[in-house]
Structure formats: C-alpha cells, structure tokens
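# Coordinate analysis (summary)
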Amino acid sequence: MFVDGVRTPFGRAGEKGMYWGTRADDLAVKALQGLLERNPGLPLDRVDDVGIAATTQQGDQGLTLGRTAAILAGLPISVPGFALDRMCAGAMTTVALTGSAIGAGHYDVAIAGGVEHMGRHPIGLDADPNPRFVSEKIVSPDALNMGVTAERLHDRFPQLTKERADRFGMLSQHKVQAAYDRGDIQSDLVPVAFRSEAGWGLATEDEGRRPNTTMDDLAGLKTPFRPHGRVTAGTSSPLTDGATMSILAGADTAKELGLSAKMRMVGFAFAGVPAEVMGLGPVPSTEKALRRAGLEIDDIGIFELNEAFAVQVLSFTDHFGIADDDPRVNPWGGAIAFGHPLAASGVRLMLQLARQFEQRPDVRYGLTAMCVGLGQGGTVIWENPHFDGKKGKK
C-alpha cells in the first residue's frame, strides 16, 4: 500500500537555481524528515529498508544515499538503506522493489524515493561509456542525447507534429498553474531553506513554471537538438533539482499501525526498447503491466505520464488511441512545467495520482509511467481505495 508521499519543491538546475548552494543529500534528508513529521504514528524502528535512487551517484549524491539519508534524518541506526540507479525511473524502481518485498512478506514497512541535483551532478558527469557501444554500432553515437531521441520520435511518427507537441507543452503549463490555484499541489511540498548570494530563502513552490506560455511563444523557440527540428525548451522537461519520498506498507501492517492507505499497488513492469527511441519505453512496459494485471487500457481512469518531452507522451497516447486532450492524461500537468529531477520523478507521479484518487471516487485504476534513458520504460498500476463503484470500473 502507498501510505503517503512528499517532495521538495523542484528548483531550476544551475547557478541561477534556488538549490545551487544546497547539497543533494540534504534535499533527500529534508524530504524524508518532512515525510516522517507528517506521519508521527509510524514507529521508526518498524521501517525495514530505505531505498533512495539517484542517476549520477557521486560526491554529495553518492555514498549509499538510502543509508546516509536515513541516519541524517534521524531514523534508528538499526534501519538499513540502499541506493539504486535506473536513470529516470530510479524512484519508481525503489517503490517497485520494496513494494514487491512487502507483497512477498519480507518487509512490513519501507521508505522509497529519489533525488537528483542536476545542477551539481549533470547527467552522465564523469561517466565512461564502454567504447564498444559505438565501435560495434550497438547504439548510435548520439543515443545518450535525450533531445535527439525525442527528435527521432517526430521522425518515426510524422503525425506527431511540432504543433501538437507545442500545444501539449502549453497546456501542461496551464494545467499545473490551475492545480496550484486550486491548492492541489502545495499540501505535498516540504519547504526547504536555501542560501544564495542574496541571502537565505525558503522554497515553497516549484521554480520552473511558466504559466503564461502561449502557442506564439513556443513557435518562436530555437530547436537546440537539430537545425529546423521540432523539439524545443517549451516541449521538454527542464533540468531540475529535487527529492521525493514515500512510505509503503503491507495492508495488515498499515491496519495494525493505524496508517491510512492512499493507493494499492496492483502491479508493475519494466521493458527495454532501442536507446535511439527511448521515449517509446512506456508503451511495452504498460502493455506488460496491463497484461499481468488482467486489465485493459480502457480500465485506466487517470494516467500520470512523465513528460520528458511532449512528443514522448504523444507517442504513448497515440499508440493506445488516446486523444491529445483526453482529461484522463496528466490532469494537473506534468514535468514540462514541474521539472524532471530524473531519479526523483517516479514518486512525484505517484503522490500526484494519490491526491487525485482522493478527489475521484469514480476512478478505480490509475497508472504511472515514464520513459528511461538508454531505452527503457517503467509502469506501475494502482488501485484507488476510495473507489465507490457507483460510476463504472474506471
């Protein structure tokens, strides 16, 4: 059961971002402390493991984050922890693995999340890819450039036009601001104190939002990944810093401890695709997850899809025959506006879905899915414990 989840506000990566002077592990610690503070009924010595993902595990974002963050956040020394890397799907994988351990009866309670400080630790920094990848033509030399892989989706699917992608990007910004205006986002944000040249500040909102975006604004943006291309900054998730954390527990344990469950994990799947079109990853992972769960795509009432790129989401929705403006897809917007701190983003999708489940007792099943660098996809299917069965199984 997904008991609860929180995140830090997401900040722009780089010297102008609010977290430039903040350590990556401190972001993880702050998120974990915020999660524990709002769940005082959880006996800390009942936590069986802490899994924290990060893509670039070095410096202040290394040293087995699950263990170090747990100690720094005040968990008992008896609580173990681990770090994990599945690039963008890191936090999604820590949830899937610890949730599986709970389902198998090996854990009662686990904490799972992720952190990415892309300002301090750009993706691939100091990595040394094996030269065989290129010399033996296993992958294209530019397959690790995510923007280039997004351009290739436009190439492969000509119906996914720049105009469709621009409109999707614009609406993501508008939907995120509408969710903020309704107060739907703020309740799951843990404020973070930060220091800059101007002095101390308090992060309480996501920094990268552009709510006044128009189609004209997007039409004039440069295409940095290809001359006369179709992918722009307005249809891409920005480089972002942030952390997410969640509590998972077995149904019996949650009942014993008086913890309310916000979602039930139905199942999950990961799948691989060619690295050159890594954005297609969520298609086979979703097909696999649905098949294993005995569900169809029409059973899903809310889709929380990570917006690495607008065209990547559109390739998913087109495959399943879902309209660009289907209200089931990212009802509160997505990563184009919120930002995408790589390994942290999976839990951002989950806590957002959990909030929507509370408001939508007519929806039984929801889905969180994302593409993953190097050609992978991840999907987790969730059931709404608030479902009242009155308005159909969706």
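Here the structure is a predicted model, which is why all the values come from computation and not from measurement.

### Side note on unusual backbone geometry
Phi is positive for histidine 228, close to 60°, though the residue is something other than glycine. With a phi angle near 75°, leucine 374 is a residue other than glycine that sits in the positive phi range. Secondary-structure assignment places leucine 374 in the loop between strand S11 (365-372) and strand S12 (376-383).

### Let's talk about the environment of glycine 250
Tracing the chain through its elements places glycine 250 in the loop between strand S8 (240-249) and helix H8 (251-257). For the pair formed by glycine 250 and aspartate 206, sequence separation is 44 residues and the distance between their alpha carbons is 32 Å. Ignoring any residue separated from it by four or fewer positions in sequence, one finds glycine 250 in contact with Met1, Ile102 and Asp108.

### Digging into the side chain of glutamate 116
Its place among the elements puts glutamate 116 in strand S5 (residues 109-117). Despite being buried, glutamate 116 has no salt bridge partner; arginine 120 is the closest side chain of opposite charge, sitting 12 Å away. A distance of 3.0 Å separates a polar side-chain atom of glutamate 116 from the backbone nitrogen of threonine 55. In terms of polar contacts, glutamate 116 uses its side chain to reach the side chain of glutamine 61, at 2.9 Å. Look past the residues within four positions of glutamate 116 in its chain and what remains in contact with it is Ala54, Thr55, Thr56, Gln61, Thr240, Asp241, Gly242, Pro341, Leu342, Ala343 and Ala344.

### Some points on the pairing of strand S6 (residues 192-196)
Sheet analysis places S6 next to strand S7 (residues 199-203), joined by 5 bridges and oriented antiparallel. Across the sheet, serine 196 pairs through a bridge with glycine 199, a residue of S7. Counting the residues between successive antiparallel strands, the hairpin from S6 to S7 contains 2 residues.

Thresholds applied
All residue numbers refer to position in the chain's written sequence, counted from 1. This being a predicted model, a pLDDT of at least 70 is required before a residue's local features are given, and a value of 80 or more before pairs of side-chain atoms are given or counted; all residues contribute to the totals for chains, interfaces and linings. Working from all heavy atoms in the structure, the side-chain values ignore hydrogens and water. Helix and strand definitions here come from DSSP, where helices need a minimum of 4 consecutive H or I residues and strands a minimum of 2 consecutive E residues; each element is numbered from the N-terminal end. We call two residues in contact when some of their heavy atoms are within 4.5 Å. Exposed residues in this analysis have more than 50% of their type's maximum accessible area, buried residues have under 20%, and partly exposed residues fall in between, with area computed by a 1.4 Å probe over protein chains only. Positive charges come from Lys and Arg alone, negative charges from Asp and Glu alone, with His and the N- and C-terminal ends not counted. In what follows, salt bridge is the name for a side-chain nitrogen of Lys or Arg lying within 4 Å of a carboxyl oxygen of Asp or Glu. Pairing of N or O atoms within 3.5 Å defines a polar contact, subject to two protein rules: one partner must be a possible hydrogen donor and the other a possible acceptor, and residues neighboring in sequence count only if both atoms are side-chain atoms. Strand pairing is assigned whenever DSSP detects at least two bridges linking the two strands.

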